[in-house]
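# Structural overview
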2 protein chains.
Amino acid sequence: MNRPMRTRRQATLASLAAELGVSRTTVSNAYNRPDQLSPELRRRVLETARRLGYPGPDPVARSLRTRKAGAVGLLLTENLSYAFRDPAAVGVLEGLALACEDAGVGLQLVPASPGREDVAAVHRAGVDGFVVYSVPDDDPHLAAVMSRPVPTVIIDQPQLDGIDRVGPDDAAATEQIADHLVGLGHRQVGVLCMRLARDRNDGFAPVDRQQEAHYHVQRTRLATLAKKFASVGVEWSAVPVVERFEHTVDDGASAARELLDANPHVTALICTSDILALGALAEAGRRGLRVPADITVTGFDGVAEATRAGLTTVHQPVLEKGKAAGKLLLSAGDRVAPKVITLPTELRVGTTSAPPRTAEERWFGP
Amino acid sequence: MNRPMRTRRQATLASLAAELGVSRTTVSNAYNRPDQLSPELRRRVLETARRLGYPGPDPVARSLRTRKAGAVGLLLTENLSYAFRDPAAVGVLEGLALACEDAGVGLQLVPASPGREDVAAVHRAGVDGFVVYSVPDDDPHLAAVMSRPVPTVIIDQPQLDGIDRVGPDDAAATEQIADHLVGLGHRQVGVLCMRLARDRNDGFAPVDRQQEAHYHVQRTRLATLAKKFASVGVEWSAVPVVERFEHTVDDGASAARELLDANPHVTALICTSDILALGALAEAGRRGLRVPADITVTGFDGVAEATRAGLTTVHQPVLEKGKAAGKLLLSAGDRVAPKVITLPTELRVGTTSAPPRTAEERWFGP
DNA sequence: GTGAAAGCGCTAACAT
DNA sequence: ATGTTAGCGCTTTCAC
């Protein structure tokens, strides 16, 4: 199994053909169309190839000629460490990888961290299409992807005219949660949300920042909450919304702390992701608040760990989302009109939501 | 942001040059070496490019010319669903992705499921090198990778002469666990291990199968256990070893069940992975066995979930493993002799290991 | 069943 | 600062 280190290929299809005294076509056929030449000749070709150390047709040259790279790119403008630690993201990745494997094409993670403004990697990626997963609408990498003449499908966000997209109906999903909370009687609520824009803002997010959010998913969820609560007389501009740039359980906890320190009378913490909610749960415990007796906490996504924790949340099928995106991309040639796939969501009421305590209960115990 | 659907590029560097009345070099320079031409001319080039819908130099053609694909391939001969559900594997993937991102190169998952004998995807992948993660030594995809004239580094297994490798010292790590168990006084032990070969065998693995295992990691761990326990008088051929093809918590549980049904007197369950150990823990609970009072359970890997469960295990730095592999691969040009990186492991004694109960205790309670 | 011709689209010496 | 030349290694009609 030993292998010499060489940086330059020594044998090519042409040199092999010369050595054998046959045409390049024949050698090419030996690899790509075995039925196009006699078994005996093919055997000879392959045998000579081994002797000369010819590793078979160069994939890049082949791709140039056939105009197929045999891979799709994945653009993920998130810190990889967070992406791989978020079960929802891992689920999407798994589904996408599955779809690619089924089709026998590679899945290439394109290097594009949020900080790096360098978009060259997108231009250099030898892929037949892109899947873009949850990036802000003003991301330069996204613009680079859009400038490439290959099919693209976007997962979750942003929503772009004429571009295939797969994602849940965020407004409807958020309504499910909001209705649940409103029904329970919550009026003094607080919100923990993910990054709203590319600039870092760990703290309260005023209404204008909410409305101008470059992450469509967060914008929609907040807007829907605002609408729902306004409809029962809650003045949204008075509702505390705490934003976190990073998406970790610890950030969820610190956000909850910040919110509760400033608004101790809040009866429900609405989180725009399970990860943040898990952190909120931890912080509630730390403060000696019982969930749901003293405070209600809800999440979003329905990841396994949240289910185990009994979190009230809206579940969305993340694996299916990745799979659907992959399939959509790989069948892009067959279509002409852009396609949007909306995935079903389901409210899962767990053990972290209940009616708010009354004022008396709050002072004198249940 | 709308974009026409076209499958064939309409403008090329050459046609753009013609339109502008300049040479192709100049256009190329406009993209790749801005300092090689006047800002004014460059502006004109880019402007005309936009007008003609020229998306910039074709990545594949550029790769052919420069002999750089700008991506590395990852060969993972495991069912993706299991790979993405194993925290250790996800950690490796993350580390590798991080290293690639740092270097600005893509990371391509090469489609190669265990079942699929089709090796073509390996030949078609336009990559500058491969990382191979934990595959059996007789895997046809591995052979295909080795036949390609690009640098390769292997994570964990197999060990191949002349090939870069990064992994823990499995023998030493296993000794740490074995010493711990032997020291506690365990002599009647059972083992739960992962797949030993490409053929499915969910059940007991006789000694010869253990010794002929195509997965070097499992082979080493079993051999080391055999040696250690033999040294204190335990007849290894009498030690039950249960193998599982799939690597899930449920499979760990069912393996534990199978083992304990046949060998109820076993005082310790040694698992060759945390995932299997987590399953064993669950099964112990189901049978009403207290851990560690009634039975000791140990794992291998030291993933976060195992730590949370208090599992006694050997920790290995999975993230660093992936990172190291990536760096090694990306610096392969600088070296001539193959390099092997051995990562440190650390015994982490948790709350799942204790001395075995004596015979009396077993009958009359503690 | 086999070969000749014609590029795929680009970059990198090396001139000028 | 810009152009000329010479391929990178391969596949694919289309003849024979």
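Conventions adopted
- Residues numbered from 1 in each chain as written.
- Chains lettered and ligands numbered in written order.
- Predicted model: local features only at pLDDT ≥ 70, side-chain atom pairs only at ≥ 80, totals over all residues.
- Heavy atoms only, no water.
- Domains from an automatic or database assignment.
- Least-squares fit on C-alpha atoms with pLDDT ≥ 70 in both.
- Contact = heavy atoms within 4.5 Å.
- Near = heavy atom within 4 Å.
- Polar contact = N/O pair within 3.5 Å; in protein donor to acceptor, adjacent residues only side chain to side chain.
- Helix = DSSP H or I, 4+ residues; strand = E, 2+ residues; numbered from the N terminus.
- Pairing = 2+ DSSP bridges.
- Axes fitted to C-alpha atoms, helices over the stretch in contact; angles between N-to-C directions.
- Nonpolar A, V, L, I, M, F, W, Y, C, P; charged D, E, K, R; others polar.
- Buried area = accessible area lost by both parts, 1.4 Å probe.
- Salt bridge = Lys/Arg side-chain N within 4 Å of Asp/Glu carboxyl O.
- Buried < 20%, exposed > 50% of the residue type's maximum accessible area, 1.4 Å probe, protein only.
- Phe/Tyr/Trp six-rings, centres within 6.5 Å; stacked < 30°, edge-to-face > 60°.

## Re the domain arrangement of chain A
Partitioning chain A into domains gives domain 1 (13-64), domain 2 (71-165 + 318-341) and domain 3 (170-317 + 347-364). Distance from the C-alpha centre of domain 1 of chain A to the C-alpha centre of domain 3 of chain A: 63 Å.

## Digging into the relation of the copies chain B and chain A
Take chain B, turn it by 180 degrees, move it 0.0 Å along the axis, and it overlays chain A with an RMSD of 0.1 Å. Each copy turns onto its partner about a two-fold axis. It is Gln108(B) whose C-alpha, among those of chain B, lies nearest the rotation axis, at 2.0 Å. Here 98% of the interface residues in chain B have copies in chain A that are interface residues too; the copies meet face to matching face.

## Points about the protein's contact with DNA strand D
With respect to spatial proximity, 31 residues lie near DNA strand D, and among them Leu13(A), Tyr54(A), Arg65(A), Thr25(B) and Thr26(B) are the closest. Backbone sugar and phosphate groups make up 61% of those atoms of DNA strand D lying within 4 Å of the protein. Here a base oxygen of DNA strand D and a side-chain polar atom of Arg24(A) are 3.5 Å apart. Measuring from a phosphate oxygen of DNA strand D, one finds a side-chain N or O atom of Tyr54(A) at 2.6 Å. Those elements that place two or more of their residues in the surface near DNA strand D are α2 (24-32) and α4 (59-66) of chain A together with α2 (24-32) and α4 (59-66) of chain B.

## Comments concerning the sheet that holds strand β5 (residues 164-168) of chain A
Strand order in the open sheet formed by twelve strands is β12(A)-β5(A)-β4(A)-β3(A)-β1(A)-β2(A)-β2(B)-β1(B)-β3(B)-β4(B)-β5(B)-β12(B), and the pairing between neighbours is mixed. Every interior strand has two partners, whereas the edge strands, β12 (340-343) of chain A together with β12 (340-343) of chain B, have only one. The average angle at which neighbouring strand axes cross in this sheet is 20 degrees, direction not considered. Taken together, the three bridges between strand β4 (residues 152-155) of chain B and strand β5 (residues 164-168) of chain B define a ladder with parallel strand orientation. Within the sheet, the bridge partner assigned to Val153(B) lies in β5(B) and is Asp164(B). The strands touched by helix α6 (residues 87-103) of chain A are β1 (71-75), β2 (106-109), β3 (130-133) and β4 (152-155) of chain A together with β2 (106-109) of chain B; relative to β2(A), the strand with the most contacts, the crossing angle is about 145 degrees. Together, β2 of chain A together with β1 (71-75), β2, β3 (130-133) and β4 of chain B form the strand contacts of helix α6 (residues 87-103) of chain B, whose direction differs from that of β2(B) by roughly 145 degrees.

## Considering the protein's contact with DNA strand C
Every one of the 30 residues lining DNA strand C counts as a neighbour, but Thr25(A), Thr26(A), Leu13(B), Tyr54(B) and Arg65(B) are closest to it. Those atoms of DNA strand C that come within 4 Å of the protein belong to sugar or phosphate at a rate of 63%. For DNA strand C, a base nitrogen lies 2.9 Å from a polar atom in the side chain of Arg24(A). In this structure, a phosphate oxygen belonging to DNA strand C sits 3.1 Å away from a side-chain N or O atom of Arg62(B). Those elements that provide at least two residues to the surface near DNA strand C are α2 and α4 of chain A together with α2 and α4 of chain B. When its residues are assigned to classes, the surface near DNA strand C shows eight nonpolar, eleven polar and eleven charged.

## Thoughts on the interface of chain B and chain A
On the chain A side, the residues contacting the 58 residues of chain B number 58 residues. Summing the contributions of chain B and of chain A, the shared interface buries around 5,200 Å²; its carbon and sulfur component is 58%. Of the charged contacts, one joins Arg85(B) and Glu94(A) as a salt bridge, the two residues approaching to 2.4 Å between their closest N and O atoms. At the boundary of chain B with chain A, the tally comes to eight residue pairs in polar contact (both at pLDDT 80 or more). For the side of chain B that touches chain A, the secondary-structure elements that each account for two or more residues are α4, α5 (80-85), α6, β2 and α7 (120-124) of chain B. The element best represented in the side of chain B that touches chain A is α6(B), accounting for seven residues. Residue composition of the side of chain B that touches chain A, by class: 29 nonpolar, 13 polar and 16 charged. Alignment of β2(A) against β2(B), held across three bridges, turns out to be antiparallel. From the neighbouring strand, Leu107(A) faces β2(B), where its bridge partner is Leu109(B).

## Description of the environment of Glu235(A)
Residue and element names in this part refer to chain A. Note on placement: Glu235 falls in the loop between α11 (216-230) and β8 (241-244). The class for Glu235 is exposed, based on a relative accessible area of 53%. For the pair Glu235 and Pro292, spaced 57 residues apart in sequence, the C-alpha separation works out to 24 Å.

## A short note on the packing of aromatic side chains
Pairs of aromatic rings are described using the distance from one ring centre to the other and the angle between the two planes. All names here are of chain A. Taken as a whole and assessed by the stated rule, the structure comprises four aromatic pairs over all chains. Both rings, one in Tyr31 and one in Tyr54, keep their centres 5.8 Å apart while their planes meet at 70 degrees; by these two values the pair is edge-to-face. With Tyr31 in helix α2 and Tyr54 in the loop between α3 (39-52) and α4, the pair connects residues that are 23 residues apart, well separated along the chain. When its relative accessible area of 27% is taken as the criterion, Tyr31 is described as partly exposed.

## Some remarks on the pairing of β1(A)
All names here are of chain A. Across the five residues of β1, five count as buried, placing the element largely inside the fold. Alternating positions in β1 separate into two faces, Ala71, Gly73 and Leu75 on one and Val72 and Leu74 on the other, with burial throughout. Note: β1 against β2, four bridges, orientation parallel. Directly across from Leu74, in β2, lies its bridge partner Leu109. In this structure, β1 lies alongside β3, joined through three bridges in parallel fashion.

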